[in-house]
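Per-entry structural report
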There are 2 protein chains.
Amino acid sequence: MVQNRALVFSAVPDGLPVAGKHMQVQATEFDDAAQPPAGGFTAKTIYASLDPYLRLRLVAPDKPRPGFEPLPAGSIIPNTVIARIIKSDNAALPPNTVVIGMAPIQEYISVTGEQAFQFSPLQNPANVDLKLFLGPLGMPGLAAYAGLYEVAKPRTGETIFVSGASGAVGQLVGQIAKQAGLRVIGAAGSDEKVRLLTDVFKFDGAFNHRDGDARAHLERLAPGGIDIYYDNVGGELLDVAIDAMKPLGRIVACGQSSQYNALPSQQYGIRNTWQMPGKRITWRGMNIFDDGLGDKYRAVHQEKVGQWISDGTMQAVFSETKSIEEAPAGLADLFAGKNVGKAVIHFGEQ
Amino acid sequence: MVQNRALVFSAVPDGLPVAGKHMQVQATEFDDAAQPPAGGFTAKTIYASLDPYLRLRLVAPDKPRPGFEPLPAGSIIPNTVIARIIKSDNAALPPNTVVIGMAPIQEYISVTGEQAFQFSPLQNPANVDLKLFLGPLGMPGLAAYAGLYEVAKPRTGETIFVSGASGAVGQLVGQIAKQAGLRVIGAAGSDEKVRLLTDVFKFDGAFNHRDGDARAHLERLAPGGIDIYYDNVGGELLDVAIDAMKPLGRIVACGQSSQYNALPSQQYGIRNTWQMPGKRITWRGMNIFDDGLGDKYRAVHQEKVGQWISDGTMQAVFSETKSIEEAPAGLADLFAGKNVGKAVIHFGEQ
């Protein structure tokens, strides 16, 4: 028997979740000598992803957020994990295979035959760090690629504005947009993040949205207006972006992290939607699992981003929580915007 | 010489424009014995359209609304007119031809050779009342048809919610949607208009948005939610519609008449845009002159709507201002939502 420590949703938060109060580490016993479930496998977790949207599941059961199933308090928080199979009763997933899929965030996972289809063996021919498959080579990368090409339909020479721009998706959107010949402006929530945008990701301009008037920052950096807004945060920056948008502009609604900690009645009121008809803006909410998004771009995303990562054209910056013990704090920091880069938990060796 | 009375934008309003103060009738002399302009024509106006969007042009020159050119105070208000040619120096547009085009709203118009291309001879084989070409057979009808089919992409059995539903575009959207096999719910601003929606236009449900809680009305009439929102008014109904929207819903941003009289800083704050990603909503601002909208649907619109009008399947209700003297009041009533049906000025015989 070993300890199996897990990241548990322990109490429904009102606003910003607090580590140790709303998210806790709880341990159960795990029998590492037992046989795996019939047709399934047991595995040891290597990495788990921490994503802003998780906040939308940490709500009271009678107050669901549209598109997200409330997680019962007391549950282990599920998300994408990368794990190495220890024991298997599934010929397609033999021991030692590294798999990726949705699972409760804990040190050991036990997957039944019915659940096994949710996991894929991870193809890693270039032998890169596995966490890249939770970032540029995973869902965030695919969301960035498909959201940009399918929803925003970029044209060379256009200007794109990206919010949450140092985050999991934002940092990739900006770099993919540079490759597409766009002028890229980013907003992030600290001076450190802004330096990352310009110095590491090579954005054309960036500003700290907590530092002064966001409208003035955007007017300074994109005086002619913007063609595309890739929205990861919502709130005031969304209002400012609509105001700065050129005719026939496009808004990719990927997330609204600034609004996830507020009750629906406390959301920021967007005053500029009256400009939608006059500017003929197209604004589309995306989910990478929808038909015509992830499926359509999976192959080209893997090819292009894999190449850019391997030849150093694209950079990926992570915010790594180094153990499951620190996971509640890591998640709280993510919700508060205190982390820098794509957030993951590293459980140990690859 | 005759008097040529015109509808003049006389002063910039702060909020709701007042007849006699911000819009006035002013007369000039018109020489009906003179030769027409070289290559052009003179004509006598029969109908002029009054449209909510005109409010977006009646603003201070330094406070333009995106997508709309401010009209200099003192100018004659321009809009679509139907007129009969009196004298012509253009072989393609001989005297007695009825034309439709953009012109200053006044009793007599004088069109130069350079401007003549903006006018089309009106094809009226069924000899219907000419005002129908400012409603179902004109721009409002085309906007309704193209907005519904190109932007909303309706599927049989879906539910559509239409605001400003007794207005120029709304009444047609609802009736076209019924023909497409949709369940149609409408909102309008008076009990009289609501009766029109259910009794004349045969909507499946309708409510007065000034009467009680709009959210409760919509939940009662569309308990399963809505697939499409055709937005003519913006404001609170937009917020309510986003909240009622099903996953993968579509919003057609045709107009926001409830917001046209407020300064940008006073616009209603929409709190529900945070639902865009979770519900994967597509929201698109439309202008009938954009590529792929009016041009794409012009032929099918004329054929279908022409047939529905002539066989009595489609009804068209107008709010007719009976003379140019009453035009300032007619326009003020339109901006205040006091008129019923598509607003036009009737100058006299057909």
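Nothing here was measured: the structure is a model prediction, and the numbers come from that model. (Residues numbered from 1 in each chain as written. Chains lettered and ligands numbered in written order. Predicted model: local features only at pLDDT ≥ 70, side-chain atom pairs only at ≥ 80, totals over all residues. Heavy atoms only, no water.)

**Brief notes about unusual backbone geometry**
Residues and elements named next belong to chain A. A positive phi is found at Asn 96, a non-glycine position, where the angle reads about 80 degrees. Tracing the chain through its elements places Asn 96 in the loop between strand 4 (78-88) and strand 5 (98-104). Phi is positive for Arg 280, close to 50 degrees, though the residue is something other than glycine. Structurally, Arg 280 is set in the loop between helix 6 (275-279) and strand 13 (282-285). Residue classification places Arg 280 among the buried residues on the basis of a relative accessible area of 18%. (Helix = DSSP H or I, 4+ residues; strand = E, 2+ residues; numbered from the N terminus. Buried < 20%, exposed > 50% of the residue type's maximum accessible area, 1.4 Å probe, protein only.)

**Topic: the relation of the copies chain B and chain A**
After a rotation of 180 degrees and a shift along the axis of 0.0 Å, chain B superposes on chain A with an RMSD of 0.0 Å. This pairing of chains is accounted for by a two-fold axis. Nearest to the rotation axis, the C-alpha of Gly 269 of chain B is located 1.9 Å from it, this being the minimum over chain B. Mapped onto chain A, 100% of the interface residues of chain B are again interface residues, and the two copies thus contact each other with one and the same surface. (Least-squares fit on C-alpha atoms with pLDDT ≥ 70 in both. Contact = heavy atoms within 4.5 Å.)

**Observations regarding the interface of chain B and chain A**
The interface is formed by 35 residues belonging to chain B together with 35 residues belonging to chain A. Contact between chain B and chain A buries roughly 2800 Å² in total, counting both sides, with carbon and sulfur atoms accounting for 62%. Our enumeration of links across chain B and chain A arrives at two salt bridges. Where Asp 290 of chain B meets Arg 280 of chain A, a salt bridge forms, and the shortest distance between an N and an O atom there is 2.7 Å. Counting the contacts that link chain B with chain A gives 12 residue pairs in polar contact (both at pLDDT 80 or more). Taken together, the elements giving at least two residues each to the side of chain B that touches chain A come down to strand 12 (245-253), helix 6 (275-279) and strand 13 (282-285) of chain B. Looking at the side of chain B that touches chain A element by element, the count peaks at five residues for helix 6 of chain B. (Buried area = accessible area lost by both parts, 1.4 Å probe. Salt bridge = Lys/Arg side-chain N within 4 Å of Asp/Glu carboxyl O. Polar contact = N/O pair within 3.5 Å; in protein donor to acceptor, adjacent residues only side chain to side chain.)

**Side note on the domain arrangement of chain A**
All names here are of chain A. When its domains are assigned, chain A resolves into domain 1 (2-135 + 317-346) and domain 2 (139-285). Here the C-alpha centre of domain 2 lies 29 Å away from the C-alpha centre of domain 1. Both sides of the domain 1 and domain 2 interface together cover about 1400 Å² of buried area, and 54% of this is carbon and sulfur. If you sort the residues of domain 1 by the area they bury against domain 2, Arg 65, Val 317 and Val 340 come out on top, with a joint share of 34%. Put simply, domain 1 and domain 2 have zero salt bridges between them. Remark: the boundary between domain 1 and domain 2 carries seven residue pairs in polar contact (both at pLDDT 80 or more). Broken down by class, the residue content of the side of domain 1 that touches domain 2 amounts to 10 nonpolar, five polar and four charged. (Domains from an automatic or database assignment. Nonpolar A, V, L, I, M, F, W, Y, C, P; charged D, E, K, R; others polar.)

**What to know about the pattern of salt bridges**
Applying the stated criterion to the full structure yields 26 salt bridges over all chains. As a salt-bridge pair, Arg 215 of chain A and Asp 243 of chain A come within 2.3 Å of each other at their nearest N and O atoms. With Arg 215 of chain A in helix 4 (residues 214-221) and Asp 243 of chain A in helix 5 (residues 235-244), this pair connects stretches of sequence that are 28 residues apart. Here Lys 342 of chain B makes a salt bridge to Asp 51 of chain B, at a shortest N to O gap of 3.0 Å. In this pair, Lys 342 of chain B is assigned in strand 15 (residues 342-346) and Asp 51 of chain B in the loop between strand 3 (41-49) and strand 4 (78-88), connecting sequence segments 291 residues apart. Asp 51 of chain B carries the same exposure label as Lys 342 of chain B, and that label is buried.

**Section: the packing of helix 1 (residues 139-152) of chain A against helix 7 (residues 294-310) of chain A**
Residue and element names in this part refer to chain A. In the contact formed by helix 1 and helix 7, the axes pass within 9 Å of each other and the chain directions differ by 110 degrees. On the basis of the axis angle, helix 1 is roughly perpendicular to helix 7. The hand of the helix 1/helix 7 crossing is right-handed. Taking contact as the criterion, the partners of Met 139, Gly 141, Leu 142, Tyr 145, Ala 146, Tyr 149 and Glu 150 in helix 1 are, on helix 7, Gly 294, Lys 296, Tyr 297, Arg 298, Val 300, His 301, Lys 304, Val 305 and Trp 308. For the contact of helix 1 with helix 7, the residue count by class is nine nonpolar, three polar and four charged. (Axes fitted to C-alpha atoms, helices over the stretch in contact; angles between N-to-C directions. Parallel < 35°, antiparallel > 145°, perpendicular 65-115°, else oblique. Left-handed = near helix turned anticlockwise from the far one by under 90°.)

**Description of the side chain of Ser 163 of chain B**
All names here are of chain B. When you line up the elements, Ser 163 lands in the loop between strand 8 (159-162) and helix 2 (170-179). The class for Ser 163 is buried, based on a relative accessible area of 0%. Here the side chain of Ser 163 touches Tyr 229 through a polar contact of 2.8 Å, side chain to side chain. Beyond its immediate stretch of four places on either side in the chain, Ser 163 contacts Ala 187, Tyr 229, Tyr 230, Asp 231, Asn 232, Val 233 and Leu 237.

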